Amino acid sequence: MSKPGQERPPLARSIRRAIGQAVESFSLILPHDRILLGLSGGKDSILLALGLRELQRRSPVPFHLQACFVDSHGEDSVPPSLQDFAASLGIPLVTRSYPIFPILKEREEAHPCSLCAHLRRGILASCAQETGNNVLALGHHLDDALETTLLNLCHAGRFRCFSPHMTMSRSGIRVIRPLVFLEESAVAAEVARLGYIPSAPPCPFGMEGRRGAMKHLLKELETSIPEIKGNLLHALQTHPLPDGWGTPSGASRRRSAP
Ligand SMILES: Nc1ncnc2c1ncn2[C@@H]1O[C@H](COP(=O)(O)OP(=O)(O)OP(=O)(O)O)[C@@H](O)[C@H]1O
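Being a predicted model, the structure only gives us computed values, none of them experimental.

J.: I tried to follow the confidence of the model for the protein on my own but got confused; where do I start?
T.: Close reading of the predicted structure is inappropriate where its pLDDT is low. Averaged over all residues, the pLDDT of the protein equals 89, while 91% of them reach at least 70. Throughout residues 248-256 the model reports pLDDT below 50, and contacts reaching past four residues in sequence, or to other chains, amount to 19 contacts. With pTM at 0.92, the complex prediction returns an ipTM value of 0.96.

See the structure below:
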């Protein structure tokens, strides 16, 4: 990550536009929202933090930002570079420690990704509640959404994906994904252009498994069908999914940023 105090160029206009489009299309941010963003130190959550911070500066809709890092090894350690990064943006950082990886290893999970994500989301949602936040922001991008769609199609026989904006039933915390219109390559390129070096993924299970296979499949499909991502996104937006990619949530009638 860049050194604190170093002059940072502004986000590219195309990136700001894509984030603004998601925020507007799905009414992601409402006046006086208190947003906790999941900050892992990977490229996606770096861009999420940069994007939301910039939106906060420019938007007439006031909202509060805080970040949370989950140490999934359960060792109570926080990378110092992450603290520096959050401090450089003026975003307060809280941390939580929970032995997600040791638990998954002990259970010898065949497909650990979904349980890992589920546990982490639960920890982040509890943290949001404990710290007085009503919204949890995650850095999922378009490729994540399309891989999840393919995973559901291929392995569960259903056309489903996570939602850009949903409300968790037990906690009432709203989960938002402002990067859903950005391709992974655009996220990586922008983070590199801005001079940040993301932390290496801490996952001890690697990119193998079903999700990794979907990533390869999407790449392969793209070589013979260059417009595949746009078409899949169009299908998500036009198919009447219960998770509402096409129809903005009920919150849309209220005023949202930007
Ligand atoms: N250890 C963590 N602490 C806090 N938030 C996290 C952590 N890991 C993931 N998240 C949040 O969940 C989102 C999705 O996580 P996932 O592991 O699927 O993505 P990723 O591609 O590894 O993301 P990133 O590049 O941000 O690490 C991240 O973008 C981030 O907002």
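J.: When you look at the environment of L11 in this model, what are you seeing that I'm missing?
T.: Along the chain, the position of L11 falls in the segment before α1 (13-25). Sequence separation between L11 and L194 is 183 residues; the distance between their C-alpha atoms is 7.9 Å. Non-local contacts of L11, meaning those with residues more than four positions away in its chain, are made with R16, L47, L50, G51, E54, E190, R193 and L194.

J.: Got a minute to help me understand the site of the ligand in this structure?
T.: Around the ligand, the structure places 15 residues, and the nearest of them are G38, S40, D44, S45 and V70. Within the contact set of the ligand, an oxygen atom lies 2.7 Å away from a backbone nitrogen or oxygen of G38. Coverage of the ligand by the protein chains reaches 79% of its 580 Å² of free accessible surface. Those elements that place two or more of their residues in the shell around the ligand are α2 (43-58), β2 (64-71) and α5 (112-130). Each residue belonging to the shell around the ligand can be placed in one class, and the counts come to 6 nonpolar, 6 polar and 3 charged.

J.: Can you help me understand the UniProt feature "binding site: ATP" (unreviewed entry) in the protein in this one?
T.: Under the feature "binding site: ATP" (unreviewed entry), the UniProt entry names G38, L39, S40, D44, V70, G139 and D144. Mapped onto the fold, V70 is located in strand β2. With sequence-adjacent residues up to four places away left out, V70 is seen in contact with R96, I100, R120, I123 and L124. Mapped onto the elements of the fold, D144 is located in helix α6 (residues 142-156).

J.: Just checking my understanding: could you explain the side chain of D33 for this structure?
T.: With respect to the secondary-structure elements, D33 resides in the loop between α1 and β1 (34-38). In this structure the side chain of D33 is engaged in a polar contact, spanning 2.7 Å, whose partner is the backbone nitrogen of L30. Aside from chain neighbours lying at most four places away, what touches D33 is L28, P62, F63, H64, N134, V135 and R174.

J.: It is not clear to me how the packing of helix α8 (residues 209-224) against helix α9 (residues 228-238) should be interpreted in this structure. Could you clarify?
T.: The contact between α8 and α9 brings their axes to 9 Å, and the two run at 115°. It follows from the interaxial angle that α8 and α9 lie roughly perpendicular. Between α8 and α9, the contacting residues are L218, L221 and E222 on the first element and I228, K229 and L232 on the second. In the contact of α8 with α9, the residues fall into 4 nonpolar, no polar and 2 charged.

J.: Whenever I open this one, the pattern of salt bridges confuses me. Can you help?
T.: Opposite charge on two side chains lets them pair, provided their charged atoms get close. Applying the stated criterion across every chain yields a total of 12 salt bridges. With its nearest N and O atoms 2.9 Å apart, the salt bridge here joins R174 to D33. One end of the pair, R174, is in strand β6 (residues 174-176); the other, D33, is in the loop between α1 and β1, and 141 residues separate them in sequence. Accessibility assignment for this pair places R174 and D33 in one class, buried. Beyond isolated ion pairs, a larger network of salt bridges with shared partners links K43, D44, E147, E184 and K215.

J.: Looking at this structure, how should I read unusual backbone geometry?
T.: The phi angle of most residues is negative, glycine excepted, and most peptide bonds adopt the trans form. Phi angles above zero are rare outside glycine, and H32 is one such case at about 70°. Mapping H32 onto the fold places it in the loop between α1 and β1. We classify H32 as exposed; its relative accessible area is 63%. The residue D76 is not glycine, and still its phi comes out positive at about 60°. As for its position among the elements, D76 is in the loop between β2 and α3 (80-89). Exposure remark for D76: the relative accessible area of 65% places this residue in the exposed category.

Calculation rules
Counting restarts for each chain: residues are numbered from 1 in the order of the written sequence. In keeping with the model being predicted, local features are shown solely for residues with a pLDDT of at least 70 and side-chain atom pairs are shown and tallied solely at 80 or more, while totals for entire chains, interfaces and linings include all residues. The side-chain quantities take in all heavy atoms of the structure and omit both hydrogens and water. pLDDT: the predictor's confidence for each residue, scored from 0 to 100. Pairs of residues are marked as contacts when any of their non-hydrogen atoms sit within 4.5 Å. Counting from the N terminus, the helices are the DSSP runs of H or I reaching at least four residues and the strands are the DSSP runs of E reaching at least two. Here a residue is near a molecule or strand as soon as one of its heavy atoms is found within 4 Å of it. Whenever two N or O atoms come within 3.5 Å, that pair is a polar contact, provided that in protein one can donate a hydrogen and the other can accept it, and provided that, for residues adjacent in sequence, both atoms are side-chain atoms. The Shrake-Rupley method, run with a 1.4 Å probe, gives the accessible areas here. Residue values count only the displayed protein chains as cover. Each residue gets one label: Ala, Val, Leu, Ile, Met, Phe, Trp, Tyr, Cys and Pro are nonpolar, Asp, Glu, Lys and Arg are charged, and the others, such as Gly, are polar. UniProt positions are given in the numbering used here, feature names are shortened, and annotations may be inferred rather than shown by experiment. All axes are obtained by fitting lines to C-alpha atoms, using only the stretch in contact for helices, and the reported angles, taken between N-to-C directions, cover 0 to 180 degrees. By the definition adopted for this analysis, an angle is roughly parallel if under 35 degrees, roughly antiparallel if over 145, roughly perpendicular if from 65 to 115, and oblique otherwise. One speaks of a salt bridge when a side-chain nitrogen belonging to Lys or Arg is within 4 Å of a carboxyl oxygen belonging to Asp or Glu. We call a residue buried when its accessible area falls under 20% of the maximum for its residue type, exposed when it is over 50%, and partly exposed in between, using a 1.4 Å probe and counting protein chains only.

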